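# Reading the structure
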Amino acid sequence: MAPNLPVHLCIFLVISCVDSCFIPVSIQATVPQTVQVGHVISKVDVDQCDTITLHFTTSDPDFTVRPDGTIVTVAITMVPANGRTFSVQFQDLDGQKREMDVYLVQNSRKVLKDGLLKRSKRRWSPLPFNIIENDAPPFPKDVELIASDSSATRRVYYTISGPGVTEEPVGVFSVVMDTGMLQVNKAVDRERTPQFVFQARVFDRYTNQETDLPLPITVNVVDVNDNAPTFTGLMQFHVLEQSKAGTMVGMVNATDIDERGTDHTKIRYSLLSGTDLFYINPETGVISTKTDTLDREVNEKYFVTVEIKDMNGALNGLVSTAPATIVLGDINDNPPTFTKTSYDVKVKENQVEGLLLRIPIEDKDLVKTPNWNTEFVIKKGNEKGNFRIERDPKTNEGLIYLTKPLDYEKTKNLKLEVLARNQAELSGTKAQWVSIPVDISVVDEDEGPEFTAPTVLFTVQENTPNDTLIGTYIAVDPETKSSAGIKYYKVSDPASWIKVDESTGQLKIANTIDRESHFVTNGVYNVSMKAIDASLKTGTGTVIIQVEDVNDHVPDIPFKDLVMCEKDGGEMGSVLVIAEDKDQAPFSAPFSFELGEEHDGRWAVKRLNNTAVMLEHTKELPTGVYTVPLMVKDLQGFGKTQTVTVRICRCRNGACLAYQNSTSLGVWAILAMLLALGLLLLLCILFAFICVTKNEKMELEDMGDSGGILLKSNIEAPGDAVDSNLIIVPASGIDPSVKGSMIDVGWVGAKNSGMIGGGLGAQQNLLQQSGGVILTNMENGYPGQYEGSQYGGQYGSGQCGGGQYGGGNMTFDNTRFMKFNNSAAWHFWQTNGLFLQQKLAYLGTGEEGRYADDIIHTYGFEGVGSPAGSVGCCSDQGNQENLDFLNTLGPKFKTLAEGTSDPQLHGLFFRRHYAVTTVIFCALDPQNRKWKKDGCTSAKIFGFVARKTGSGQDNVCHLFAEHDPEQPASAIVNFVSKVMIGSQKTK
């Protein structure tokens, strides 16, 4: 163990250069925990130094350094267990400031209660250790000996662990196990790892037991100047031209990654070029101007080279250089100048406004800035405002415009003075704004005549007699100053009060002037005139006529029907009478009111103001209407007697009760009544027309057959020929969108798709309750065209039994032929049949199938005729589920149902015999005939044409009669037509 000393001083010397005066970078001293005043910490050898220039100072006020280099305490100081550090500043021989670090470490002795000192367990060796950055090989190199007190009594070995040993960076340090010598194995970069802290441990060689406490080892890496300084930030600076010497241009920023606070990072700045114009502060890097002659118009940018060197610029310092750009900012030190000394311009007199002259400008300052933008001012010669000057923003030229026409006879020449200046004021120059003369010459032109004055005023009394001369308004030629050959005309005379002498310009009254006319505004009436010379050039002027008032209107009472409310208690009533006069003072108010000569003495007037009086009765008067004559005169005594009507009545809220209780019809009320009567009359005429034009009902007699009037239907065998002329269908019931329809022909050819019958009855439960007639075997002289075609219909039997069409036009008998009782009906059916015949003949010329939907085809004969034809539904509305009527049907229908005896199956058959989508056409009877049955009211007749299911050529016509008012024929027809149309659109 080392001897027990009160102060253990360990001095580490780091020699950077060989010098006679050497001050270490750091020292370490062991001190007690409590350091008394005057305690000597350490002493620096300054024998070879100039103590006057060193001038030591400390960063800790508890310590001071004597001139001989002794460090002592000046106050009681506590040193913590982890030590204490302060620095000593001094100045070396070169005049540069330097620092020395002082590390204080507690000693290991403790004071017992009896005042004796007892040595504590030794904490191995002094700390911290230092190594030099980037030390040169060979390695390993010894750093320091690590020794434990336990090594004096035992055989021990040492280990270390932590960063730089077993952790990154691994393998930098190692320890000789037997001796405890700490070694460094490789060069270390301080900029990456400035300090290492790891643990040292000591073990018994035989037992491997720790013989002492672990000790943290701190190794500081002493910096060497191995990194040159570098520039940071932009190297471009700005300064205004002509700035004063010493004006700051900018600051160069640089940094050094070596250890801060040392000469290794102390940078010195210098300029390698541009030193005649600029200067850089060697310590701060601030660039400043050295002259005030910098001119942007001569040189806009300057390039200088900046050098930075560490070691405070010493010869062994590391250097970096970089170019810097200094841009000069513009000031307005150049006024705009004209390219010419003067300008001459010629302008025609009376020329309309326009551009006269462009004035180019030169300016050396920065383009498109206020120092370059020019403003132009006309300083002289534009007192009448005939010109204006602007700047062309693209070219910076001055533009002189003419704003008012010039008159050669008044001004033959104008001299303008134009000044050019910048938007910014001049700076850094003694120059002034300049101006140039612009000579404007007016060219004479032949002008039109000019009136002697643009306007002339004449005063005229209203009601002045016609042909009265009120004045003369003439024009002269500007060149000759003569009025010869000039003609005068009116341009505007709204009331036609003035006439103008064409040759002399005399103005005379043409019609009576009325000051109260709406053509007069504030007593003024204007007339526009035009003068025309021999060359047809014109000039215009205005005649202002001041119309003087005359007393041509008497005062008038505008409201002559007055109402006076009766008062109780004998109090006399009064009413306000107001007068007005169209004339002006002194020919109007104040008015004088007095009763007329014919008054009855029961009234009096009381003046209220200049234009009104209160009319009051002087005696009690009953309610009624009274007339009172009043004489009203104006200020000149001009007036007349006027009669006012006064109604005296009982009042409520200021209104006569008689007025409130009375009613009268206004004009609009009378017109409304007349309109209602006219509508009523029109409605009566409409009803009469309907009654007169209504068709007579036609009864269809039931000619008798088994089970009602169900006639012979078509059969599946070839049927009898039917004349299609006998079937008429209204064109209005045909949807024009259905393929194959014939509009306005009277009939639609049966389509070659689908049928309707019992299926419709099954869906709507309507058709099975209607009666019908089947028409078959009818020919009308068109053989071959309708071969095998049948048009049938049926009327169902039920409560109403058989019947006939009324009207006598056609009947059905047992021969099943349709007969016509008059020639008109026969001709109607025959004509429509002809249309159909022509249509089918045309379509029949087409290829097979081309117009299949428009051609009536023959029945498909299967070889065996069916004893029964196709039928529809005929059940009674009153008993929908009762199918007993099927048992009363004729033999044709019994044949259809003979395959089963179940009445429900019979009904199902009739309800589903046809599908709704097979309907081709459906409509009401176009002649509006009615079907009559015994005990039943008249019913409308309707029918449809359908295609039998399973047959491609079987077209059947069914006729029905309306039976249930809640299910009218029109509703069924509309429904079936919609279904039919929808079916055709989907195909």
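None of these values were measured; they are calculated from a predicted model. (Residues numbered from 1 in each chain as written. Predicted model: local features only at pLDDT ≥ 70, side-chain atom pairs only at ≥ 80, totals over all residues. Heavy atoms only, no water.)

## A word on the overall build of the protein chain
This is how it is decided: Numbered from the N terminus, helices here are DSSP runs of H or I no shorter than four residues, and strands are runs of E no shorter than two. Whether a residue is buried, partly exposed or exposed follows from its accessible area with a 1.4 Å probe, protein chains only, as a fraction of its type maximum: under 20%, in between, or over 50%, in that order.
Regarding its fold elements, the protein chain presents eight helices and 63 strands. Of all 987 residues assigned to the protein chain, the portion counted as buried reaches 42%.

## Let's talk about the pairing of strand β48 (residues 574-578)
Along any regular strand the residues' side chains alternate between the sheet's two faces. We count it as follows: Strands pair, by our definition, only if DSSP identifies at least two bridges between them.
Where burial is concerned, the two faces of β48 differ: the one with Val-575 and Val-577 is buried and the one with Ser-574, Leu-576 and Ile-578 is not. Both β48 and strand β51 (residues 612-617) contribute to a ladder of five bridges, which runs antiparallel. Within the sheet, the bridge partner assigned to Leu-576 lies in β51 and is Met-614.

## With respect to the state of the cysteines
Put simply, the rule reads: Any two cysteine sulfur atoms within 2.5 Å of one another count as a disulfide.
For the structure shown, the criterion picks out one disulfide. With a sulfur-sulfur separation of 2.0 Å, Cys-565 is cross-linked through a disulfide to Cys-651. Disulfide Cys-565 to Cys-651: torsion about the S-S bond roughly -95 degrees, handedness left-handed. Residue Cys-565 is located in strand β47 (residues 561-565), and its partner Cys-651 is located in strand β54 (residues 651-652); the two are separated by 86 residues in the primary sequence. Note on Cys-651: relative accessible area 26%, which makes it partly exposed.

## Structural notes on the side chain of Arg-421
Heads up, the condition is: The term polar contact refers here to a pair of N or O atoms within 3.5 Å; inside protein, the definition further demands a hydrogen-donor-capable atom paired with an acceptor-capable atom, and it admits residues adjacent in sequence only when both atoms are side-chain atoms. Note on definitions: a residue-residue contact is assigned when non-hydrogen atoms from the two residues lie within 4.5 Å.
By the element assignment, Arg-421 lies in strand β36 (residues 413-422). Side chain to side chain, Arg-421 and Glu-425 meet in a polar contact 2.8 Å long. Ignoring anything within four residues of it in the chain, the contact list for Arg-421 reads Pro-336, Asn-373, Thr-374, Glu-375 and Trp-433.

## Points about the environment of Val-456
Summarising the element assignment, Val-456 is placed in strand β39 (residues 455-461). Expressed as a C-alpha distance, the spacing of Val-456 and Tyr-473, which sit 17 residues apart in the sequence, is 7.4 Å.

## What about the sheet that holds strand β27 (residues 301-309)?
Going by this rule: The angle between two axes is taken between their N-to-C directions and runs from 0 to 180 degrees, where each axis is a line fitted to C-alpha atoms and a helix contributes only its stretch in contact.
Read from one edge of the open sheet, four strands run β21-β28-β27-β24, paired in mixed fashion. Each of the sheet's edge strands pairs with one partner strand only, and the pair in question is β21 (236-240) and β24 (268-271). The mean inter-strand angle of the sheet, taken between neighbouring strand axes irrespective of direction, is 30 degrees.

## Quick notes on the side chain of Asp-263
Among the secondary structure elements, Asp-263 is positioned in the loop between β23 (253-255) and β24. In contact with Asp-263, not counting residues within four places along its chain, are Gln-96, Asp-310, Met-311 and Asn-312.

## What to know about the packing of aromatic side chains
Note the threshold: Any two rings among Phe, Tyr and Trp, with Trp reduced to its six-membered ring, count as a pair given centres within 6.5 Å; such a pair is stacked if its planes are under 30 degrees apart, edge-to-face if over 60, and tilted if neither. We count a charge as sitting over a ring when the NZ of a lysine or the CZ of an arginine lies within 6 Å of the ring centre and within 35 degrees of the ring normal.
Scanning all chains against the criterion turns up eleven aromatic pairs. With a centroid separation of 5.5 Å and an interplanar angle of 20 degrees, the aromatic rings of Tyr-157 and Phe-203 are classed as stacked. In this pair, Tyr-157 is assigned in strand β15 (residues 156-161) and Phe-203 in strand β18 (residues 195-204), connecting sequence segments 46 residues apart. Each of the two residues, Tyr-157 as well as Phe-203, counts as buried. What links up through ring pairs into an aromatic cluster is the set Phe-173, Phe-196 and Phe-198. Note that Lys-412 overlies the ring of Tyr-408, its terminal NZ or CZ placed 4.9 Å from the centroid.

## Re the environment of Pro-437
Along the chain, Pro-437 turns up in strand β37 (residues 434-443). Taking the C-alpha atoms as reference, Pro-437 lies 4.6 Å from Glu-417; in sequence the two are 20 residues apart.

## A few points about the pattern of salt bridges
Oppositely charged side chains may form a pair once their charged atoms are brought near each other. Put simply, the rule reads: The term salt bridge refers to a side-chain nitrogen of Lys or Arg lying within 4 Å of a carboxyl oxygen of Asp or Glu.
The tally for this structure, following the rule as stated, stands at 22 salt bridges. Note that Arg-296 and Glu-297 form a salt bridge whose closest N and O atoms lie 3.1 Å from each other. Here Lys-560 and Asp-556 are joined by a salt bridge, their closest N and O atoms 3.5 Å apart. Using a relative accessible area of 29% as the deciding quantity, one classes Asp-556 as partly exposed. Within the structure, one salt-bridge network assembled from shared partners comprises Asp-60, Asp-62 and Arg-84.

## Thoughts on the pairing of strand β44 (residues 506-509)
Alternating positions in β44 separate cleanly, Leu-507 and Ile-509 being buried on one face and Gln-506 and Lys-508 remaining unburied on the opposite face. Where strand β40 (residues 469-472) lies against β44, three bridges are found, and the strand directions are antiparallel. Across the sheet, residue Thr-472 finds its bridge partner in β44, namely Gln-506. Direction of pairing for strand β43 (residues 498-500) relative to β44: antiparallel, over a ladder of three bridges. What sits directly across from Ile-498, in β44, is Ile-509.

## Looking at the sheet that holds β47
Strand order across the open sheet formed by four strands is β47-β53-β52-β49, with mixed pairing between neighbours. On the outer flanks of this sheet lie β47 and β49 (592-595), each paired with one strand and no other. Strand-to-strand, the axes of this sheet are offset by a mean angle of 35 degrees, without reference to chain direction. For strand β52 (residues 624-633) and strand β53 (residues 639-649), the ladder comprises ten bridges, and the chain directions are antiparallel. Across the sheet, residue Tyr-626 finds its bridge partner in β53, namely Val-646.

## Here we look at unusual backbone geometry
With an omega of -5 degrees, the peptide bond running from Glu-168 to Pro-169 counts as cis. Mapping Pro-169 onto the fold places it in the loop between β15 and β16 (173-175). That bond from Ala-589 to Pro-590 is cis: its omega, 5 degrees, falls within 30 degrees of zero. Structurally, Pro-590 can be placed in the loop between β48 and β49. Backbone geometry places Asn-350, a non-glycine residue, at a positive phi of 65 degrees. With respect to the helices and strands, Asn-350 occurs in the loop between β30 (343-348) and β31 (354-359). Accessibility expressed as a relative area gives 38% for Asn-350, which makes it partly exposed.

## Details of the confidence of the model for the protein chain
Rules: What pLDDT expresses is the predictor's confidence in each residue, scored from 0 to 100.
Per-residue confidence for the protein chain gives a mean pLDDT of 74; residues scoring 70 or more make up 69%. Low confidence marks residues 109-123, where pLDDT is under 50. Its contacts with residues over four positions away, or in another chain, come to 34 contacts. Below pLDDT 50 for its whole length, residues 696-823 participates in 443 contacts with residues either more than four positions away or in separate chains.

## Brief notes about a nonpolar patch on the surface
Note the cut-off: Residues enter a patch when their relative accessible area is above 30% and they make no salt bridge; the linking distance is 9 Å between like charges and 5 Å between nonpolar side chains (Val, Leu, Ile, Met, Phe, Trp, Tyr). All accessible areas in this document rest on Shrake-Rupley with a 1.4 Å probe, and a residue is counted as covered only by the protein chains that are shown.
Taken together, Leu-680, Leu-683, Leu-686, Phe-687, Phe-689 and Ile-690 make up a surface patch of nonpolar side chains, about 610 Å² in accessible area. Looking at the secondary structure, you find Leu-686 in helix α3 (residues 667-693).

## Overview of the environment of Ile-920
Tracing the backbone shows Ile-920 in strand β60 (residues 919-924). In this structure, the C-alpha to C-alpha distance between Ile-920 and Ala-946, residues 26 residues apart in sequence, is 5.4 Å.

## Quick word on a positive patch on the surface
For clarity, the cut-off: Residues scored as charged are limited to Lys and Arg (positive) and Asp and Glu (negative), so that His and the chain ends carry no count. Here the site of a charge means NZ on Lys, CZ on Arg, CG on Asp, or CD on Glu.
Taken together, the side chains of Lys-384, Lys-410, Lys-412 and Lys-481 make up a positively charged region of the molecular surface. Checked against the element boundaries, Lys-410 lands in the loop between β35 (398-402) and β36.

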